[in-house]
Amino acid sequence: MYGLLLENIHDFFKRVYGVDVWKQIRNRGGIKATSFVLNQSYPETFLLRLSTAACEYTGETQDDLMYDLGISLIKFYSRSGYDKVLRVLGRNIASFINGLDNLHEYYRYKYPKIKPPSFSCQEESSTGITVRYRSKRPGFLHMVRGLLKQLSKQFFEKDVKVEVMSEELKLELNKGVTLVHYRMHFDNTARMMPTYTIKPKKSLDDIFPVESHHFFSLFPFHIAFGREMVIFKVGMALREILPELVGERVNDVFFVVRPQHIEFTWDNVLLHSNNVFELISDSPVERRNLALPCRGSKEQSQSFHISSNKSGKSKYLSLKGQMRYVSEWNAVLFLGTPVMGNLEDLFNYGLYLTDLCMHDCTREMIINGTQPSVELKLAVNKQAETNDELGELVLRIDKEKRKADELLYSMIPRPIAERLRNGEAALNTCSIFHEVSVLFADIVGFTDICRKVSPMELVTLLNECHTLFDDLAQQHNVFKVETVGDEYMVESGAPIPNESHAFEVADFGLDMLKSLSTTKNPSTGDPIKVRIGMNTGTVVAGVVGLKVPKYCLFGDAVNTASRME
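Nothing here was measured: the structure is a model prediction, and the numbers come from that model.

Help me get a handle on the overall build of the chain, residues and values and all.
Per the secondary structure count, the chain includes 22 helices and 17 strands. Counting the 565 residues in the chain, one finds 43% classified as buried. Once local pairs closer than 6 in sequence are excluded, the contacts in the chain between residues at least 24 apart make up 62%. Taken as a whole, the chain presents about 32100 Å² of accessible surface, with 55% of it coming from carbon and sulfur.

This is the structure:
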């Protein structure tokens with residue numbers, strides 16, 4: 001799954017619910033990445049984990065959430081620059097939907113690992129369109145429903161109601177496939193109105209009759225086959241390099257690579273007639289060198305021999321083109337052109353520039369080496385490497401950010417820190433809290449210990465004690481305000497009011513006493529003892545300082561707790 005889809009989810013929750021909610025959902029789903037690189041591949045489980053976490057957090061149902069994400073997806077694609085191709089994809093809703101499969105093919109270089117779904121219009125009437133959706137990924141039923149509604153509204157200004165007619169899970173090529181039929185209800189009367197044209201007195205066939213061999217000479221690589229998939233006609237250039245095609249079953253001598261993951265059958269060809277087809281020969285093709293004819297010898301003039309090309313490599317022939325059903329023949333006509341990288345490939349196949357069509361760009365593309373160019377492949381590989389490096393960099397940044405967050409939250413409570421991050425002034429964080437419990441603690445005889453031990457022993461003692469206290473502070477949900485020398489101060493009830501503030505601080509103090517049972521005085525070897533004082537009352541709390549900001553508490557409750565200690 002590519003980051004383009006996941007980044008839409010990221011964008012949706014930030015816009016609709018806010019940054020904080022997105023962080024909560026991401027954490028619940030166990031997703032460490034804070035954002036997603038559009039053309040980087042991510043685990044398939046990310047979408048399910050994020051959607052499940054979002055439903056738990058927001059209370060929205062899975063179906064409604066996926067529907068909203070489908071609507072958001074079209075808007076996100078438009079903001080990402082894909083609207084330029086989307087708005088010219090089709091003249092009407094039906095042609096737009098039929099063109100979606102080809103759109104996925106156009107972006108295969110940018111997203112080489114894409115596993116696209118398949119869309120096709122099954123039936124069109126004045127009341128709407130029936131759409132067939134096929135995908136190897138389950139769980140997208142309602143996202144597609146939202147997608148169909150939004151594309152109709154955004155590109156054709158149609159308010160469409162999308163109904164799920166059927167859903168089934170099929171087994172194709174030993175893989176599970178989800179097959180869904182949608183009905184798009186809208187006023188399609190204008191599209192179905194007949195167009196009236198003035199018929200000429202005579203048909204064009206009567207005026208300009210064209211023999212079939214002249215017509216087929218325009219398509220030197222065509223293949224015609226019937227319902228039984230048996231080839232009965234091939235183009236002249238194709239016949240030169242594969243002379244024994246006629247009479248063979250087309251799905252025995254070629255296999256389909258585009259559209260992806262379909263079985264090469266008559267029904268599938270008709271079903272995907274709006275898609276670009278790419279066929280590859282099932283055996284390698286070698287250059288056929290015609291023998292020089294001898295005058296007066298009819299047999300020698302018709303003879304030829306097969307020789308390997310100079311490189312010694314045999315290549316499989318790839319043909320890309322369109323499948324068209326011809327009702328008069330009850331047959332399919334494949335109008336294709338060879339897919340080649342350069343002139344060397346053309347020579348190795350035994351083809352010549354004059355074999356190629358003049359009415360398309362095939363000749364120019366092969367001469368210029370741009371079908372596809374080596375530079376493009378290198379650029380794609382370089383982009384993939386850059387994406388990997390960027391992904392690693394994002395993870396490192398995220399790791400360092402978590403470290404910085406942990407340090408910040410140890411100095412300032414999380415809610416206050418988030419307010420400061422959002423640009424709020426430090427003075428605005430100051431508030432009066434009427435129910436806060438404060439605790440002070442220090443080591444008994446600390447001054448005497450300082451005189452008798454080395455500085456390193458003293459630091460080791462304080463580190464051991466304060467580490468124990470820090471762990472207890474997390475367990476009891478109290479905030480460590482500060483430590484000065486051996487003195488340790490915590491509070492509960494600010495900035496988030498807490499009804500059990502006194503219990504938590506008191507339990508923390510009792511556990512402090514227990515935790516020091518094994519800690520020894522380095523000067524005497526006796527157990528360390530602490531003095532603890534606590535008090536409850538009203539305080540003023542807020543962030544003080546700019547260079548090293550601290551969350552401080554002020555008031556008589558603080559002073560009394562210190563005196564109690």
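Read on for the rest.
How would you summarise the sheet that holds strand S15 (residues 487–492) if you had to cite specific residues and measurements?
Spatial ordering of the open sheet is given by S14-S15-S13-S16-S17, a layout of 5 strands whose pairing is antiparallel. Looking along the sheet, the strands with just one partner apiece sit at the ends: strand S14 (479–484) and strand S17 (550–554). Mean inter-strand twist for the sheet, computed between neighbouring axes without regard to direction, equals 40°. Two strands pair when backbone bridges link them, and strand S16 (residues 530–544) and S17 are joined in this way by 5 bridges, in the antiparallel orientation. Opposite Val 544, over in S17, you have Lys 550 as the bridge partner. Against the sheet, helix H20 (residues 455–475) makes contact with strand S13 (431–443), S14, S15 and S16, and its axis sits at roughly 5° relative to S15, the strand it touches most. Relative to S16, helix H22 (residues 556–564) is tilted by about 160°, and along the sheet it contacts S13, S15, S16 and S17.

Can you break down the sheet that holds strand S12 (residues 331–338) residue by residue, with the values?
The 6 strands lie next to each other as S6-S5-S12-S11-S8-S7, forming an open sheet whose pairing is antiparallel. With partners counted over all chains shown, the strands left at the sheet margins are strand S6 (231–234) and strand S7 (254–258), one partner each. Mean inter-strand twist for the sheet, computed between neighbouring axes without regard to direction, equals 35°. Both strand S11 (residues 318–326) and S12 contribute to a ladder of 8 bridges, which runs antiparallel. Bridged to Val 326 within S12 is Ala 331.

Can you lay out helix H2 (residues 19–28) for me, pointing to particular residues and giving the numbers?
One turn of an α-helix holds 3.6 residues; hence residues three or four places apart share an orientation. Taken together, the buried positions of H2 are Val 21, Trp 22, Ile 25 and Arg 26. Relative to the axis of H2, the buried residues are bounded by an arc of 135° and lie together on one face. The positive-phi residue at the C-terminal boundary of H2 is Gly 30, with phi of around 70°.

Could you give an account of H22, with specific residues and numbers?
All of the buried residues in H22 are Ala 557, Val 558 and Ala 561. Buried residues of H22, seen end-on, are gathered within an arc of 100° and therefore sit on one face of the element. Projecting away from the buried face of H22 at angles above 90 degrees are the exposed residues Asp 556 and Arg 563. For H22, the elements touching its buried residues are S13, S15, S16 and S17.

Run through the nonpolar core, naming residues and quoting values.
Counting residues in hydrophobic clusters, the biggest one holds 59 residues, and the most contacted among them are Leu 6, Phe 36, Leu 148, Tyr 182 and Met 184. Looking at this core element by element, the count peaks at 9 residues for helix H4 (residues 62–86). With 32 residues, the next largest nonpolar core counts Met 229, Val 256, Ile 262 and Leu 317 among its residues.

Can you break down the pattern of salt bridges residue by residue, with the values?
Evaluation of the coordinates by the stated rule reveals 15 salt bridges. The partner of Arg 402 in a salt bridge is Asp 398, with the nearest N and O atoms 2.5 Å apart. Taken together, the positions of Arg 402 and Asp 398, both in helix H17 (residues 374–411) and 4 residues apart, correspond to about one turn of that helix. What makes Arg 402 partly exposed here is its relative accessible area of 37%. Assessed through its relative accessible area of 8%, Asp 398 is described here as buried.

Now, about the packing of aromatic side chains: what can you tell me, with residues and values included?
Within this structure, the stated rule accounts for 17 aromatic pairs. Ring plane angle 85° and centroid distance 6.4 Å describe the contact between Phe 225 and Trp 266, whose orientation is recorded as edge-to-face. On the criterion of sequence distance, the pair formed by Phe 225 in strand S5 (residues 223–226) and Trp 266 in helix H13 (residues 266–271) is long-range, its members being 41 residues apart. Neither residue differs from the other here; Phe 225 and Trp 266 are each classed as buried. Geometrically, the ring pair formed by Phe 479 and Tyr 551 is edge-to-face, given 6.0 Å between the ring centres and 80° between the ring planes. With Phe 479 in strand S14 and Tyr 551 in strand S17, the pair connects residues that are 72 residues apart, well separated along the chain. Residue classification places Tyr 551 among the buried residues on the basis of a relative accessible area of 0%. Here the aromatic residues Phe 12, Phe 13, Tyr 17 and Trp 22 are joined through ring pairs into a cluster of three or more.

Describe the side chain of Asn 92, with residues and values.
Considering the arrangement of structural elements, one finds Asn 92 in the loop between H4 and helix H5 (93–98). We classify Asn 92 as buried; its relative accessible area is 17%. A polar contact of 3.3 Å, which involves the side chain of Asn 92, links it to the backbone nitrogen of Ala 94. A distance of 2.9 Å separates a polar side-chain atom of Asn 92 from the backbone nitrogen of Ser 95. The contact partners of Asn 92, leaving out residues within four places of it in the chain, are Phe 156 and Arg 191.

Give me the lowdown on the packing of H4 against helix H7 (residues 141–156), citing residues and values where you can.
Here H4 crosses H7 at 45°, and the two axes come no closer than 7 Å. Considering the angle they form, H4 stands oblique to H7. In the crossing of H4 with H7, the sense of the turn from one axis to the other is right-handed. Taking contact as the criterion, the partners of Asp 63, Met 66, Tyr 67, Leu 69, Gly 70, Ile 71, Leu 73, Ile 74, Lys 75, Ser 78 and Leu 86 in H4 are, on H7, His 142, Met 143, Arg 145, Gly 146, Leu 147, Lys 149, Gln 150, Leu 151, Gln 154 and Phe 155.

A description of the side chain of His 10 should follow, citing residues and the corresponding values.
Residue placement: His 10 occurs in helix H1 (residues 3–16). There is a polar contact of 3.0 Å between the side chain of His 10 and the side chain of Glu 7.

Any details on unusual backbone geometry? Residues and values, ideally.
Looking along the chain, the bond that leaves Ala 494 and enters Pro 495 is cis, with omega of 0°. Along the chain, Pro 495 turns up in the loop between S15 and helix H21 (501–515). Phi at Glu 157 takes a positive value of approximately 55°, unusual for a residue other than glycine. Counting through the fold element by element, Glu 157 comes out in the loop between H7 and strand S3 (161–172). Even without being a glycine, Asn 330 presents a positive backbone phi close to 55°. Relative to the helices and strands, Asn 330 resides in the loop between S11 and S12. For Asn 330, a relative accessible area of 31% gives the class partly exposed.

Cut-offs used in this document
- All residue numbers here refer to positions counted from 1 along the written sequence of the relevant chain.
- Side-chain atom pairs in this predicted model are given and counted only at pLDDT of 80 or more, local residue features only at pLDDT of at least 70, and totals for whole chains, interfaces and linings cover all residues.
- No hydrogens and no water enter the side-chain calculation; it runs on all heavy atoms of the structure.
- The numbering of helices and of strands both runs from the N terminus, where a helix is a DSSP run of H or I of at least 4 residues and a strand a run of E of at least 2.
- Classification of residues uses two cut-offs on accessible area relative to the type maximum, computed with a 1.4 Å probe and protein chains only: under 20% is buried, over 50% is exposed, and between them is partly exposed.
- In what follows, a contact means two residues having at least one pair of non-hydrogen atoms within 4.5 Å.
- Residue-level accessible areas treat just the shown protein chains as cover; the underlying method is Shrake-Rupley with a 1.4 Å probe.
- Criterion used throughout: strands pair if DSSP finds at least two bridges between them.
- Only the stretch in contact is used when a helix axis is fitted, and all axes are lines through C-alpha atoms; the angle between N-to-C directions ranges over 0 to 180 degrees.
- This arc corresponds to the set of directions leading from the helix axis out to the C-beta atoms.
- The definition of a nonpolar core used throughout is a set of buried Ala, Val, Leu, Ile, Met, Phe, Trp, Tyr and Cys residues joined through side-chain atoms within 4.5 Å.
- A side-chain nitrogen of Lys or Arg and a carboxyl oxygen of Asp or Glu constitute a salt bridge if their distance falls within 4 Å.
- Note on ring pairs: Phe, Tyr and Trp rings are taken, using the six-membered ring of Trp, and paired if centres are within 6.5 Å. Classes follow the plane angle, with under 30 degrees stacked, over 60 edge-to-face and the rest tilted.
- Any pair of nitrogen or oxygen atoms within 3.5 Å is treated as a polar contact; in protein, a donor-acceptor pairing is required on top of that, and neighbouring residues in sequence qualify only through side-chain atoms on both sides.
- Angle categories: roughly parallel below 35 degrees, roughly antiparallel above 145, roughly perpendicular from 65 to 115, and oblique for all the rest.
- When the near helix sits turned anticlockwise from the far one by under a right angle, the crossing is termed left-handed; a clockwise turn instead gives a right-handed crossing.

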